[in-house]
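Coordinate analysis (summary)
Each chain, letter by letter, is given below.
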Amino acid sequence: MNDPAEFIFSQTVIGTAPLVPELRLHLATEITPIWQATESHLAALNIEPPFWAFAWPGSQLLARWILDHPALVQGRKVLDFACGGGLAALACARSGANTVLVNDIDPLALEAAQLNAGLNALSVTPLSGDQIGTLPEVDLLLCGDVCYNQQMADRIIPWLRNCAQTMEVWMADPGRPYAPKEGIEVITSKTLPTTMELEGKTSRDTRLCRILPLRASGSSHRS
Ligand SMILES: C[S@@+](CC[C@H](N)C(=O)[O-])C[C@H]1O[C@@H](n2cnc3c(N)ncnc32)[C@H](O)[C@@H]1O
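Residues numbered from 1 in each chain as written. Predicted model: local features only at pLDDT ≥ 70, side-chain atom pairs only at ≥ 80, totals over all residues. Heavy atoms only, no water.

**Describing the environment of Pro-126**
Inspection of the secondary structure assignment puts Pro-126 in strand S5 (residues 125–128). What makes Pro-126 partly exposed here is its relative accessible area of 37%. Spatially, the C-alpha atom of Pro-126 lies 9.8 Å from that of Ala-109, the residues being 17 residues apart in sequence. When neighbours within four sequence positions are excluded, Pro-126 is seen to be in contact with Val-102, Leu-110 and Gln-114. (Helix = DSSP H or I, 4+ residues; strand = E, 2+ residues; numbered from the N terminus. Buried < 20%, exposed > 50% of the residue type's maximum accessible area, 1.4 Å probe, protein only. Contact = heavy atoms within 4.5 Å.)

Right, here's the structure in full:
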């Protein structure tokens with residue numbers, strides 16, 4: 001792919017997510033064309049489908065909560081991990097976060113997040129590469145819809161718990177089977193509209209949780 005920005009422009013239209021009408025995004029309108037258009041590129045890189053072209057329930061709930069409670073991010077350094085199109089990051093930038101980092105292993109997602117920021121006259125800072133195992137120097141780590149397969153959940157959850165010892169960690173999840181059921185504290189929840197094409201159902205109960213840190217004593221987590 002010669003020009004990632006041109007690719008994103010050509011495969012998406014400007015729209016908004018149902019729960020976050022105040023932030024504009026480059027979005028796929030039908031799943032099939034963009035899926036096919038990126039398939040060979042993704043297969044060559046051995047990475048996932050174009051998650052960045054959809055506003056998943058996770059980032060929608062994160063963004064809604066942050067926009068409704070801007071004081072929670074004001075002046076803070078935030079990382080939107082596995083950002084996809086970066087909706088949660090945009091909400092932080094709009095709400096007055098000091099620094100907003102976006103990370104995704106898909107370079108197209110980093111490009112999309114920056115284009116989406118530009119659409120809203122905001123700015124986010126890309127952080128490339130796989131950050132799992134590192135200790136990001138941020139105050140708040142956000143992740144939306146990251147437990148969509150077992151391999152991912154098994155890698156991410158222990159890392160997030162370790163991060164939670166030195167920073168706040170929020171995860172928003174629409175009821176994926178591999179999301180943590182304990183060691184979490186629910187912040188808010190909402191039923192979000194979804195599409196049959198993407199989710200196989202028309203709504204998903206989505207929860208925003210604080211990930212609790214590993215306990216040095218080994219005592220059990222609150223849930
Ligand atoms: C279902 S999408 C969620 C995107 C966004 N957070 C949202 O809720 O709309 C999952 C994202 O995780 C990213 N991802 C998968 N493994 C990752 C890793 N090790 N590090 C960073 N991002 C990763 C994928 O590329 C994809 O963009």
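What follows continues from the structure just given.
**Considering the pattern of salt bridges**
Evaluated as defined, the whole model comprises nine salt bridges. Across the salt bridge formed by Arg-210 and Glu-185, the nearest N and O atoms sit 2.9 Å from each other. Of this pair, Arg-210 sits in strand S9 (residues 203–211) while Glu-185 sits in strand S8 (residues 184–193), placing them 25 residues apart in sequence. The class for Glu-185 is partly exposed, based on a relative accessible area of 25%. (Salt bridge = Lys/Arg side-chain N within 4 Å of Asp/Glu carboxyl O.)

**Focus: the site of the ligand**
What surrounds the ligand is a group of 19 residues, the closest being Ser-59, Ala-82, Asp-104, Gly-144 and Met-152. The contact in question runs from an oxygen atom of the ligand to an N or O atom on the side chain of Asp-104, over 2.6 Å. Between the ligand and Asp-130 there is a distance of 3.4 Å, counted from a nitrogen atom to a side-chain nitrogen or oxygen. Looking at the shell around the ligand, the elements that each hand over two or more residues are helix H3 (57–68), strand S4 (99–104) and helix H6 (150–163). Its residues assigned to classes, the shell around the ligand comprises nine nonpolar, five polar and five charged. (Near = heavy atom within 4 Å. Polar contact = N/O pair within 3.5 Å; in protein donor to acceptor, adjacent residues only side chain to side chain. Nonpolar A, V, L, I, M, F, W, Y, C, P; charged D, E, K, R; others polar.)

**Structural notes on the sheet that holds strand S6 (residues 140–144)**
The mixed open sheet is built from seven strands, whose spatial order is S5-S4-S3-S6-S7-S9-S8. With one partner strand each, in any of the chains shown, S5 and S8 form the two edges of the open sheet. Across the sheet, the mean angle from the axis of one strand to that of its neighbour is 20°, orientation sign disregarded. Pairing analysis gives five bridges linking strand S3 (residues 77–81) to S4, with the strands arranged parallel. Paired with Lys-77 across the bridge in S4 is Thr-99. Along the sheet, helix H5 (residues 107–119) makes contact with S4 and S5, crossing S4 at roughly 150°. (Pairing = 2+ DSSP bridges. Axes fitted to C-alpha atoms, helices over the stretch in contact; angles between N-to-C directions.)

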